[in-house]
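# Per-entry structural report
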Amino acid sequence: MSIVTQALIVAAALVLVLSALFALFRLAKGPTGLDRGVASDVMIAVLIGGLATHAIATRTSVGLIVILVLSLLGFTSAVGLARLITGTSARERRFLEAEARAAHEDRERAEREKAERERAASDRFEKELREQAEAEGTA
């Protein structure tokens, strides 16, 4: 292995260790469960990176299966965390979407009615101006 490859592996290891320390700090400190969940996802990613760095350094593929399993674990935990954040079931989401759609339609209807009122007021004003002009023209 060349000096450059060794230096890159050492640099990657240092970055991974720093990342793990920051993630452990966030995992311990919190302040919310969401922060802790994201920190655990970061720890899984750091573990995957560490195993990949080890596989590169030793030129073996033994850890690749473990990396695959950890990737699946990280993905499912991220999806679970996202579901936890939203806190809604599919039925509740459909209800919320229907409610948002109804509110949007109400807003559009109100805007159309306002435009119609303004147009009617403008038409009345123009009619009054024409009547005044005709009255002045006949007088």
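The notes below deal with the structure included here. (Residues numbered from 1 in each chain as written. Predicted model: local features only at pLDDT ≥ 70, side-chain atom pairs only at ≥ 80, totals over all residues. Heavy atoms only, no water.)

### Structural notes on a nonpolar patch on the surface
Where we set the bar: Within this analysis, patches are made of residues with over 30% relative accessible area and no salt bridge. Like charges are joined at 9 Å or less; nonpolar side chains (Val, Leu, Ile, Met, Phe, Trp, Tyr) at 5 Å or less. In short, Shrake-Rupley with a 1.4 Å probe defines the accessible areas, and a residue's cover is counted only from the protein chains shown. The term salt bridge refers to a pairing of a side-chain nitrogen on Lys or Arg with a carboxyl oxygen on Asp or Glu at a separation within 4 Å. A run of H or I in DSSP counts as a helix once it spans at least four residues, and a run of E counts as a strand once it spans at least two, with each numbered from the N terminus.
Side chains of V17, L18, L21, F22, L24 and L27 sit close together on the surface and give an oily, nonpolar patch of about 570 Å² of accessible area. Structurally, L21 is set in helix α1 (residues 3–29).

### Some points on helix α2 (residues 33–58)
Working note: α-helix, 3.6 residues per turn, so residues spaced by three or four point in the same direction. Using the following cut-off: Each helix should span, by expectation, one fewer than its residue count multiplied by 1.5 Å. Any residue under 20% of the maximum accessible area for its type is buried, any over 50% is exposed, and the rest in between are partly exposed; the area is computed with a 1.4 Å probe on protein chains only.
For α2, spanning 26 residues, the distance from its first C-alpha to its last is 37 Å, which sits close to the expected 38 Å at 1.5 Å a residue. Restricting attention to buried positions, one finds in α2 the residues G37, A39, D41, I44, V46, I48, G49, T53 and A55. Just beyond α2, the residue with positive phi is R59, at close to 55 degrees.

### A few points about the environment of L16
Definition in use: We call two residues contacting when some pair of their heavy atoms lies within 4.5 Å.
You can see L16 is positioned in helix α1. Counting along the chain gives 33 residues from L16 to G49, while the straight-line C-alpha distance between them is 7.2 Å. Discounting residues that sit within four places of it in the chain, L16 has contacts with V46, G49, G50 and T53.

### Side note on the pattern of salt bridges
All chains considered together, the criterion is met by two salt bridges. R109 serves as the salt-bridge partner of D106, at 3.0 Å between the closest nitrogen and oxygen. Taken together, the residues span about one helical turn, with D106 and R109 both in helix α4 (residues 90–138) at a distance of three residues. D106 sits in the partly exposed class, given a relative accessible area of 39%. Residue classification places R109 among the partly exposed positions, given a relative accessible area of 40%.

### What to know about the side chain of D41
Short version of the rule: We count Lys and Arg on the positive side and Asp and Glu on the negative side, and we leave His and both chain ends out.
The residue D41 is located in helix α2 in this model. For the buried D41, no salt bridge is present, and the opposite-charge side chain at shortest range is R26, 13 Å distant. For D41, the residues in contact, after removing those within four places along its chain, are G74, S77, A78 and L81.

### Thoughts on helix α3 (residues 64–86)
End to end, α3 covers 33 Å across 23 residues, agreeing with the expected 33 Å (1.5 Å per residue, within 8%). Taken as a whole, α3 has its buried residues at I67, L70, G74 and L81.

### Some points on the side chain of T53
Here T53 lies in helix α2. Judged by relative accessible area, T53 falls into the buried class, the value being 15%. Not counting residues within four places of it along the chain, the set of residues in contact with T53 comprises I9, A12 and L16.

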